[in-house]
Amino acid sequence: GIRDTSVTGVQTCALPIFQNCSLVTSIFTLQFMSPKDRQDVLNRVYKGLNTGGAFIFSEKTFSCNPRVQDMMTFMYYDYKRQNFSDKDILDKEVQLRHMMKPNTKTELYKMVQDAGFEIHTFWQNFNFVGVIGLKK
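Definitions and cut-offs
- Residues numbered from 1 in each chain as written.
- Predicted model: local features only at pLDDT ≥ 70, side-chain atom pairs only at ≥ 80, totals over all residues.
- Heavy atoms only, no water.
- Pairing = 2+ DSSP bridges.
- Helix = DSSP H or I, 4+ residues; strand = E, 2+ residues; numbered from the N terminus.
- 1 Å grid on protein atoms, 1.4 Å probe; cavity = no way out; pocket = protein on both sides within 12 Å on 5 of 7 lines; lining within 4 Å.
- Points joined across faces, edges and corners; volume = space filled by probe spheres on them.
- Nonpolar A, V, L, I, M, F, W, Y, C, P; charged D, E, K, R; others polar.
- Axes fitted to C-alpha atoms, helices over the stretch in contact; angles between N-to-C directions.
- Parallel < 35°, antiparallel > 145°, perpendicular 65-115°, else oblique.
- Left-handed = near helix turned anticlockwise from the far one by under 90°.
- Contact = heavy atoms within 4.5 Å.

(A) Representation of the pairing of strand β5 (residues 117–125) within the structure. Bridge analysis of β5 against strand β6 (residues 128–135) gives eight bridges, and the strand direction is antiparallel. Paired with W123 across the two strands is G130, which belongs to β6. The antiparallel pairing of β5 with β6 creates a hairpin that spans two residues between the two strands, and F126 there sits at a positive phi of about 55°.

(B) Fine view of empty space enclosed by the protein. The final tally for this structure, using the stated rule, is one cavity of 30 Å³ or more. Of the voids in this model, the largest cavity is the one considered here, and its volume is about 40 Å³. For the largest cavity, the full set of lining residues is L30, Q31, R38, E59, K60, T61, N103 and L108. The residue inventory of the lining of the largest cavity, partitioned by class, reads two nonpolar, three polar and three charged.

(C) Spotlight on the packing of helix α1 (residues 35–48) against helix α4 (residues 105–115). Taken N-terminus to C-terminus, the directions of α1 and α4 make an angle of 40°; their axes are 8 Å apart at the nearest point. On the basis of their axis angle, the class for α1 and α4 is oblique. Between α1 and α4 lies a crossing of right-handed hand. On α4, the residues that touch R38, Q39, L42, N43 and Y46 of α1 are M111, V112, D114 and A115. Counted by class, the contact of α1 with α4 contains five nonpolar, two polar and two charged residues.

Have a look at this one:
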């Protein structure tokens, strides 16, 4: 669980333990975790799944190419402007800037494969991906 250290005000999170699971889901979670903990969490999920079990997750990713990243970002902003004001969009960007540290899709998939999963992408929109990782 999340614990607030009263002296520093910094929140820390104990890494979860998974046991005897058939399905684990994670929606836009890894990108907010410390990069150093992500592989360990993926390893724990894999270890805690039963054979044939699934890890279904979605994450925001960064492009390996800066031009593509810019294109995707601004296309996403155009999409968001259909329902949100420019101020709302920018305020959200500023709010998340220091909290969210996405991986590239290549990095993310490598970590998931290194944990042992067979990867199947079921959804992608702009720089967001949805993945089913199967335990072999």
